[in-house]
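# Residue-level structural notes
What follows is each chain in one-letter form.
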Amino acid sequence: VQLVESGGGLVQPGGSLRLSCAASGGTFSRYAMGWFRQAPGKEREFVATISWSGGSTNYVDHVKGRFTLSRDNAKNTVYLQMNNLKLEDTAVYYCAARDGASSSSSWRYDYWGQGTQVTVSS
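Before going into details, it helps to say that this report is about the structure given with it. (Residues numbered from 1 in each chain as written. Predicted model: local features only at pLDDT ≥ 70, side-chain atom pairs only at ≥ 80, totals over all residues. Heavy atoms only, no water.)

## A word on the pairing of strand β5 (residues 45-50)
Most of β5 is tucked away, with five of its six residues classed as buried. In the sheet, strand β4 (residues 32-38) pairs with β5 via five bridges, with the strands oriented antiparallel. Bridge pairing in β5 links M33 to I50. Linking β4 to β5, which pair antiparallel, is a turn of six residues; within it G41 sits at a positive phi near 80°. (Buried < 20%, exposed > 50% of the residue type's maximum accessible area, 1.4 Å probe, protein only. Helix = DSSP H or I, 4+ residues; strand = E, 2+ residues; numbered from the N terminus. Pairing = 2+ DSSP bridges.)

Listed below in structure tokens is the structure:
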């Protein structure tokens, strides 16, 4: 499975971005998907995850109410809508897939994208 993220960029605090992750080479609808991020000098951290059907989502506490994760299995794509962005959201965002239940643990994921940079700055 190949994953390609897009949609990152530079945005001011309070702004919005929508990240996309396009999958190929596998049966997308069987995979739970997750987003993780890594800021400079910090460890990779969990952001959000969605079940294979899209019926269940889970978020890290400090993005709840601001980020929304969704998927379109017909398009083999997941979307991370990020609103009210804050300086501390600056990081490289990675999309990941796993053949199983959704999880907040990065080590459970089988496939990873290359990442897309999100920079929140005034």
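## Some points on the state of the cysteines
According to the stated counting rule, one finds one disulfide in the structure shown. The partner cysteine of C21 in its disulfide is C95, sulfur to sulfur 2.0 Å. Residues C21 and C95 are joined by a disulfide whose S-S torsion is about -75°; by sign, that bridge is left-handed. Here C95 lies in strand β9 (residues 91-98) and C21 lies in strand β3 (residues 17-24), a separation of 74 residues in the sequence. Each member of the pair, C21 as well as C95, is classed as buried. (Disulfide = S-S within 2.5 Å.)

## Quick word on the sheet that holds strand β7 (residues 67-72)
Strand order in the open sheet formed by four strands is β1-β3-β8-β7, with antiparallel pairing between adjacent strands. Either end of the sheet is taken by a strand with one partner, and the two such strands are β1 (2-6) and β7. Neighbour to neighbour, the strand axes of the sheet diverge by 15° on average, direction disregarded. Where β3 and strand β8 (residues 77-82) come together, six bridges link them in antiparallel fashion. Across the sheet, C21 pairs through a bridge with V78, a residue of β8. (Axes fitted to C-alpha atoms, helices over the stretch in contact; angles between N-to-C directions.)

## Some words on unusual backbone geometry
A negative phi angle is the norm for most residues apart from glycine, just as the trans form is the norm for most peptide bonds. One non-glycine residue, N76, lies in positive phi territory at about 55°. By secondary structure assignment, the location of N76 is in the loop between β7 and β8. A positive phi angle is found at N84, which is not glycine, with a value near 50°. Structurally, N84 can be placed in the loop between β8 and β9.

## Quick look at the side chain of S51
With respect to the helices, strands and loops of the structure, S51 is situated in the loop between β5 and β6 (57-59). The exposure class of S51 is buried, given its relative accessible area of 10%. In this view, S51 contacts A32, S56, R71 and S102; residues no more than four positions away in its chain are not counted. (Contact = heavy atoms within 4.5 Å.)

## Here's the deal with the pattern of salt bridges
Tallying each qualifying case throughout the model produces five salt bridges. R37 is the salt-bridge partner of D89, the closest N and O atoms lying 2.9 Å from each other. Here R37 lies in strand β4 and D89 lies in the loop between β8 and β9, a separation of 52 residues in the sequence. Accessibility classification places D89 together with R37 in one group, the buried group. When the shortest N-O distance is used, the salt bridge between D61 and K64 registers 3.1 Å. Take K64: its relative accessible area is 47%, and that puts it in the partly exposed class. (Salt bridge = Lys/Arg side-chain N within 4 Å of Asp/Glu carboxyl O.)

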